[in-house]
Amino acid sequence: MTARRTVDNAPARVGYGTLLRTPGARGFLVPAFAARLPYAMLSLGIVLLVLDTHGSYGTAGAVAAVSAVAQAFVGPQTGRLADRFGQSAVLLPSVLVHAVSVGALIALALGHAPVWTLFLAAAPAGASVPQIGAMVRARWVTKLADSSPGTLNTAFAFESVTDEFTFVVGPVLATAVATGVTPAAGLVAEAALTVIGGLAFAAQRSTAPARHPQVPGTRRVSALASPGVRLLAGAFLGVGTVFGAMQVSVTAFAEAAGRPGASGIVYGVFAGGSMLAGVLYGMVAWRRSARGRMLGSYALLVLGCSTLWAMPSLTTLAFAGLVCGLAIAPTLITGYTLVETLVPDGAKTEAFTWLTGAIGLGLAAGSTVAGRLIDGHGPSAGFLVPVAGAGLGLLALALLRRLLVAPTPGTARISVSSGVALAPSAVTAAGDPGAPGRAVARSGAAAQLVGASKG
């Protein structure tokens, strides 16, 4: 594969219609949507079930947090395995383990088992969540390797819109099924979609990225070795606290208002604002650097979250959530755009999964802290968590933004396979005129991982 270009300063707009006409794209997008929809249902489904069976927002949030933490730490390892052995080889066992684990969690909750047993079931349920979003993004990188500079940015925008659409549909579906049928039905639907969608996506082998097996006798370095990847993971951790705290806090706020069924709608409005912003974001031919866009959208996220705690009704809360959501998709799109420039081909799925896992870890922290605050101080207290988490993420981005610049020729690198630093003469680069070049170095069959970033 030829070295690819940086995505800052895209010269032309690429439409979604052009993107979807990419050969083979629709074949993996349809099952991917079904397989990633449960991602937006799992935590909320756990909260609704455990709240019904154990009667505590704190307990419900903690069980959901265990699931999210397991996903955050195990997900990147499955991403690394997918880079090494192929996506299908990882997906097949993952979906089966997930179905069994969710089934066990449902049985334990309905049987009013001790809380520690729920934790034991929630951990493998979260750890086995298929990393479909990261896998789809890795497929786009492969399919669009020789396309115009703006095409990949549009692809990432499309993926973020799809993610947000699942967060519109998923919470509404989980809430409707759980409140309209039985509290366990939300998780049953989540597990069924995971199995059906995951197996169908795994069957699309022709569009999967090439495997990057480890060279015998060498040591493989994680994508997290890149300082820029670590910074973006920290920023996405802040975004995750917004998701987690919103899920628990909106549910509690709706319960206190006597309209529990409205929680899914309010959360859907929040995700809908993000989806709308993502659609518009992907249609713009951006000339401002991705790093500048990241700081701007994240600042808007903090500003939007700062109003949530003061909302007096579900209607005003939905409006405030809409405003807050408008900053979510641009932040995520730009983050995925940036991280793609910081790692080589053999580490892209893992890098994308670190960002997704960071969101899950933030979701865990946000839901846990918000649940405790709600139990002790009422529903509005939970909305203090999003502004605090996002505020810390913005501070980190502002102070360490130099790490987000793609490496240029002469920058030290670390081999993904061996972990050995290479001299500048071993590094090749390709870049767009007028934009920082994205260097992709190769030494024989070993791709190179960013070891140091130029500020």
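See the structure printed just above.
Every value quoted in this text rests on a predicted model; they were computed, and no experiment measured them. (Residues numbered from 1 in each chain as written. Predicted model: local features only at pLDDT ≥ 70, side-chain atom pairs only at ≥ 80, totals over all residues. Heavy atoms only, no water.)

### Remarks on the overall build of the protein chain
Link 1 in the chain: When its secondary structure is counted, the protein chain shows 16 helices and six strands.
Link 2 in the chain: Looking at the protein chain residue by residue over its 455 residues, the buried ones come to 59%.
Link 3 in the chain: Of the roughly 15800 Å² that the protein chain leaves accessible, carbon and sulfur atoms contribute 69%. (Helix = DSSP H or I, 4+ residues; strand = E, 2+ residues; numbered from the N terminus. Buried < 20%, exposed > 50% of the residue type's maximum accessible area, 1.4 Å probe, protein only. Areas by Shrake-Rupley, 256 points an atom, 1.4 Å probe, with all protein chains shown as cover.)

### Topic: helix 7 (residues 132-143)
Link 1 in the chain: For helix 7, built from twelve residues, the straight-helix expectation of 16 Å at 1.5 Å per residue is met to within 8% by its first-to-last C-alpha distance of 16 Å.
Link 2 in the chain: Most of helix 7 is tucked away: ten of the twelve residues are buried.
Link 3 in the chain: Along helix 7, the residues that are buried comprise Ile132, Gly133, Ala134, Met135, Val136, Arg137, Ala138, Arg139, Trp140 and Val141. (Expected span 1.5 Å × (residues − 1).)

### Some details on the side chain of Ser56
Link 1 in the chain: Looking at the element boundaries, Ser56 is found in the loop between helix 3 (42-54) and helix 4 (57-85).
Link 2 in the chain: We classify Ser56 as buried; its relative accessible area is 19%.
Link 3 in the chain: From its side chain, Ser56 meets the backbone nitrogen of Thr59 in a polar contact 3.2 Å long.
Link 4 in the chain: Each residue touching Ser56, except ones within four places of it in the same chain, is listed here: Leu51 and Asp375. (Polar contact = N/O pair within 3.5 Å; in protein donor to acceptor, adjacent residues only side chain to side chain. Contact = heavy atoms within 4.5 Å.)

### Considering the packing of aromatic side chains
Link 1 in the chain: For the structure on display, the rule yields six aromatic pairs.
Link 2 in the chain: Aromatic side chains Phe243 and Phe270 sit 6.1 Å apart centroid to centroid with 75° between the ring planes, which places their arrangement in the edge-to-face category. Here Phe270 lies in helix 11 (residues 263-281) and Phe243 lies in helix 10 (residues 227-256), a separation of 27 residues in the sequence. Each member of the pair Phe243 and Phe270 is classed as buried.
Link 3 in the chain: Measuring from centroid to centroid gives 6.2 Å for Phe253 and Phe383, while their planes differ by 65°, and the two rings are edge-to-face. Here Phe253 is found in helix 10, whereas its partner Phe383 is found in the loop between helix 15 (348-377) and helix 16 (384-400), with 130 residues between them in sequence.
Link 4 in the chain: Its relative accessible area of 10% is what places Phe253 among the buried residues. (Phe/Tyr/Trp six-rings, centres within 6.5 Å; stacked < 30°, edge-to-face > 60°.)

### Remarks on the packing of helix 5 (residues 87-110) against helix 6 (residues 115-127)
Link 1 in the chain: At a closest axis distance of 8 Å, the pairing of helix 5 and helix 6 adopts a crossing angle of 160°. By the angle class used here, helix 5 and helix 6 are roughly antiparallel. Handedness of the crossing formed by helix 5 with helix 6: left-handed. From helix 5, His98, Ser101, Val102, Ala104, Leu105, Leu108 and Ala109 reach across to helix 6, where they touch Thr117, Leu118, Ala121, Ala122, Pro124 and Ala125.
Link 2 in the chain: Along the lines of polarity and charge, the residues of the contact of helix 5 with helix 6 split into ten nonpolar, three polar and no charged. (Axes fitted to C-alpha atoms, helices over the stretch in contact; angles between N-to-C directions. Parallel < 35°, antiparallel > 145°, perpendicular 65-115°, else oblique. Left-handed = near helix turned anticlockwise from the far one by under 90°. Nonpolar A, V, L, I, M, F, W, Y, C, P; charged D, E, K, R; others polar.)

### Things to note about a nonpolar patch on the surface
Link 1 in the chain: The grouping of Leu276, Val279, Leu280, Met283, Phe319, Leu322, Val323 and Leu326 at the surface amounts to a nonpolar patch, some 670 Å² of accessible area in total.
Link 2 in the chain: Inspection of the secondary structure puts Leu276 in helix 11. (Patch = residues over 30% accessible without salt bridge, like charges linked within 9 Å, V, L, I, M, F, W, Y side chains within 5 Å. Salt bridge = Lys/Arg side-chain N within 4 Å of Asp/Glu carboxyl O.)

### Quick word on unusual backbone geometry
Note on backbone geometry: most residues besides glycine have negative phi, and most peptide bonds are trans.
Link 1 in the chain: One non-glycine residue, His112, lies in the positive phi region at around 55°.
Link 2 in the chain: Positionally, His112 belongs in the loop between helix 5 and helix 6.

### Overview of the environment of Ala257
Link 1 in the chain: By the secondary structure assignment, Ala257 is in the loop between helix 10 and helix 11.
Link 2 in the chain: Residue class for Ala257 comes out partly exposed when judged on its relative accessible area of 45%.
Link 3 in the chain: The sequence separation of Ala257 and Pro379 amounts to 122 residues, and the corresponding C-alpha distance is 9.9 Å.

### Quick notes on the pattern of salt bridges
Link 1 in the chain: Taken as a whole, this structure holds one salt bridge when the rule is applied.
Link 2 in the chain: With a closest N to O distance of 2.7 Å, Arg36 and Glu159 form a salt bridge. Remark: Glu159 occurs in helix 8 (residues 149-180) and Arg36 occurs in helix 2 (residues 25-36); sequence separation between them is 123 residues. Each member of the pair, Arg36 as well as Glu159, carries the same accessibility label: buried.

Geometric values such as these leave the question of function open.
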